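Chain by chain, the residues run as shown.
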Amino acid sequence: MSEFYVTTPIYYVNDVPHIGHAYTTIAADVLARYHRQLGDDVFFLTGTDEHGNPAAQAAARRGLSPQQHVDEMVVKFKALVEQVNATNDFFIRTTDSEHCAKVQAFIQNLYDQGDIYRRSYRGLYCSSCEAFYAEKDLVDGKCPDHGTEPQTVEEENYFFRLSRYQERILDHMEQHPEFIMPESRFNEARSFITQGLEDISISRASLQWGVPIPWDESQVVYVWVDALLNYITALQYAREEDLLERFWPVDYHLMGKDILKFHAVIWPAMLIAAGMELPRHLFIHGYLLMGGEKMSKTRGNVLDPFEVMDKYGVDAFRFYCFREVTFGQDGVVSLEGFENRYNSELANDLGNLLSRTLAMILKYRGGVIPEPPPDSGGDLFAAATRLGEEFAASMSRVDLSGSLELVWRFVRSLNKYVEDMAPWKLAKEPDRGTELNAVLYNLAEGLRLSAVFLHPYMPDTTLEILGQLGITPGSGEIMLQQAEWGRMPGGAEVQPGKPLFPKLD
Ligand code: ME8
């Protein structure tokens, strides 16, 4: 058994959660569930980033204190996690007192060792990004991400000697080309680090909503420093036992490309400064787009994930996220696209295959799955073995859409198999009973394997499939070691139930 630690970004609570948040959380959940299926010791962390300007401003607009505002908003983020059926092991809030104390201890240590110094600073600040911009990086004088004009901010701040760590980050990247995935993001990160890192301000004097700087309580910790530290503080207080040694370094920090820079520059520098190991991988996925534009809270063009899931079910939504958009790239999502995939792939390819198979087992064999045939499935056996190997390789590249496509090809081959074998014809020929047994067994076994592979994507549906195949839950039936062709004995009684995905009109 090995340890596996995966994180999502912690989300801002200045507005309600949207489909982009659901996307990263589901991706992390797919990985977490997959690693549990492998038998790994998994820790999956998500949570909320509650300090900083946008949250304080949102609270002020609502006439609430920042604390009241974040306490209300976090409920919606926790509800999203629950609704997408994410199996996170902890939900961190940066307003947790344990987190705040650990952030203070961390930066006090950097201060004591001379990594932090005081200086006055004047710069162009986008309060939505919580970042300073150089004039050259603005587009028509505006923030490239938010389209708003940054303000000139002048303050006495504490600075972190980021410039000290440039070479060490680059060395690490040189030695670990898998540090940032996919490769295009690795190259992007390397190119901006190579252009030169300047020391950064890690405190704010103009803001009160944050973690006080321990040696100067008139300032608060820069929200990004506070936020990045969540990945290690959570391990230290999520359980009574300190999990840091067991789970650090993290296996995957998942995130969208908007926050690559913070994770590829500030975070490694902070960790090196503290003498800690760097994350094994940052995996950067693309944006879900609607009508060609990035969805974001400040732009107001969001698709409500709650509505989609209420109407079509969580698993259908989880499936769609990785089916429609290549993981790692940007892609357009739409209700129309969703409905098409739902009908053609979930209702037809998968749902219909199950109901047909069970109906035939019921009709021709009294509902009992026949014994495995001696020839062990022929082409299907070969396809299933290939699927197992390719799926593992693809998951190890975090190619969540590629892995799903591999299973789907297998599901399609099962559909083709039914058509080719035409069991309804075999059933009319009494002397071909053995052949019919083999076909029915192979279909049931193919469905069982599909369910095991699809489990991280569609956890409830796949348990339902196994249940309908007469497999009693609770005996490790979804562990990946079960995904071996021919492991299912015959003799189980099928339990046909409701259609998995009723067709939409
Ligand atoms: O950046 N498509 O929080 P945030 C796909 N608090 N993913 C999207 C998306 C989209 N259209 N929009 C957002 C923050 N995301 C910081 C993070 S971490 C130490 C601090 C996802 O609420 C994606 O994962 O703005 C992106 O990186 C994240 O939400 C940003 O969430």
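Higher on the page you've got the structure.
First, a word on scope: everything that follows refers to the structure included in this document. (Residues numbered from 1 in each chain as written. Predicted model: local features only at pLDDT ≥ 70, side-chain atom pairs only at ≥ 80, totals over all residues. Heavy atoms only, no water.)

Topic: the site of the ligand
Then, number 1: Looking at the ligand, there are 26 residues lining it, with Ile 10, Thr 24, Asp 49, Asp 258 and Leu 288 nearest.
Then, number 2: Between the ligand and Thr 24 there is a distance of 2.7 Å, counted from an oxygen atom to a side-chain nitrogen or oxygen.
Then, number 3: A distance of 2.7 Å is found between a nitrogen atom of the ligand and a side-chain nitrogen or oxygen belonging to Asp 49.
Then, number 4: When the free accessible area of the ligand is taken as 670 Å², the share hidden by the protein chains comes to 96%.
Then, number 5: Going through the elements one at a time, β1 (3-12), α1 (19-37), α7 (223-228), α8 (230-237) and β12 (252-256) are the ones with two or more residues in the shell around the ligand. (Near = heavy atom within 4 Å. Polar contact = N/O pair within 3.5 Å; in protein donor to acceptor, adjacent residues only side chain to side chain. Areas by Shrake-Rupley, 256 points an atom, 1.4 Å probe, with all protein chains shown as cover. Helix = DSSP H or I, 4+ residues; strand = E, 2+ residues; numbered from the N terminus.)

Quick look at the sheet that holds β12
Then, number 1: With parallel pairing, the six strands of this open sheet are ordered in space as β3-β2-β1-β12-β13-β7. The open sheet has two edge strands with one neighbour each: β3 (90-93) and β7 (180-181).
Then, number 2: As defined by bridge partners, β7 adjoins strand β13 (residues 281-285) across two bridges and the pair is classed as parallel. Looking across to β13, one finds that Met 181 is bridged to Phe 283.
Then, number 3: Sheet strands touched by α1: β1, β2 (41-49), β12 and β13. Its angle to β1, the strand with the most contacts, is close to 170°. (Pairing = 2+ DSSP bridges. Contact = heavy atoms within 4.5 Å. Axes fitted to C-alpha atoms, helices over the stretch in contact; angles between N-to-C directions.)

Structural notes on the side chain of Asp 29
Then, number 1: Here Asp 29 is to be found in helix α1.
Then, number 2: By relative accessible area, which is 0% here, Asp 29 ends up buried.
Then, number 3: A distance of 2.8 Å separates the side chain of Asp 29 from the side chain of Arg 318, its partner in a polar contact.
Then, number 4: Discounting residues that sit within four places of it in the chain, Asp 29 has contacts with Phe 44, Asn 85, Ala 86, Thr 87 and Arg 318. (Buried < 20%, exposed > 50% of the residue type's maximum accessible area, 1.4 Å probe, protein only.)

Some words on the packing of aromatic side chains
Then, number 1: Scanning all chains against the criterion turns up 31 aromatic pairs.
Then, number 2: Their ring planes at 75° and their centres at 5.2 Å tell us that Tyr 320 and Phe 338 sit as a pair that is edge-to-face. Residue Tyr 320 is found in helix α12 (residues 314-324), and its partner Phe 338 is found in helix α13 (residues 335-365); the two are separated by 18 residues along the sequence.
Then, number 3: Among the residues examined, Tyr 320 registers a relative accessible area of 4% and is labelled buried.
Then, number 4: The class of Phe 338 is buried, set by a relative accessible area of 2%.
Then, number 5: Ring geometry for Phe 322 and Tyr 457: centres 6.2 Å apart, planes at 65°, overall edge-to-face. Within this pair, whereas Phe 322 is found in helix α12, its partner Tyr 457 is found in the loop between α17 (433-454) and α18 (459-468), the two being separated by 135 residues in sequence.
Then, number 6: The exposure class assigned to Phe 322 is buried, which follows from its relative accessible area of 1%.
Then, number 7: Look at Tyr 457 and you get buried, because its relative accessible area is 0%.
Then, number 8: Through pairs of rings, three or more aromatic residues link up here, namely Tyr 5, Phe 43, Tyr 231, Phe 247, Trp 248 and Trp 267.
Then, number 9: When the ring centre of Phe 159 is taken as origin, the NZ or CZ atom of Arg 119, which lies over that ring, is 4.1 Å away.
Then, number 10: Over the aromatic face of Phe 192 sits the side chain of Lys 261, whose NZ or CZ is 5.0 Å from the ring centroid. (Phe/Tyr/Trp six-rings, centres within 6.5 Å; stacked < 30°, edge-to-face > 60°. Lys NZ or Arg CZ within 6 Å of the ring centre and 35° of its normal.)

A short note on the pairing of strand β6 (residues 151-160)
Then, number 1: Pairing of strand β4 (residues 116-126) with β6 involves 10 bridges; the strand directions are antiparallel. Bridge pairing in β6 places Tyr 121 opposite Glu 155.
Then, number 2: Of the pairings in the sheet, the one linking β6 to strand β8 (residues 200-201) comprises two bridges and is antiparallel in character. Within the sheet, the bridge partner assigned to Phe 160 lies in β8 and is Ile 200.

Some points on the sheet that holds strand β10 (residues 212-213)
Then, number 1: Pairing is antiparallel in the open sheet, where three strands are placed in the order β9-β11-β10. Each having just a single partner strand, β9 (203-204) and β10 make up the two edges of the open sheet.
Then, number 2: Bridge count for β9 against strand β11 (residues 216-221) is two bridges, and the pairing is antiparallel. What sits directly across from Ser 203, in β11, is Val 221.

The quantities given are spatial measurements derived from coordinates; they are silent on function.
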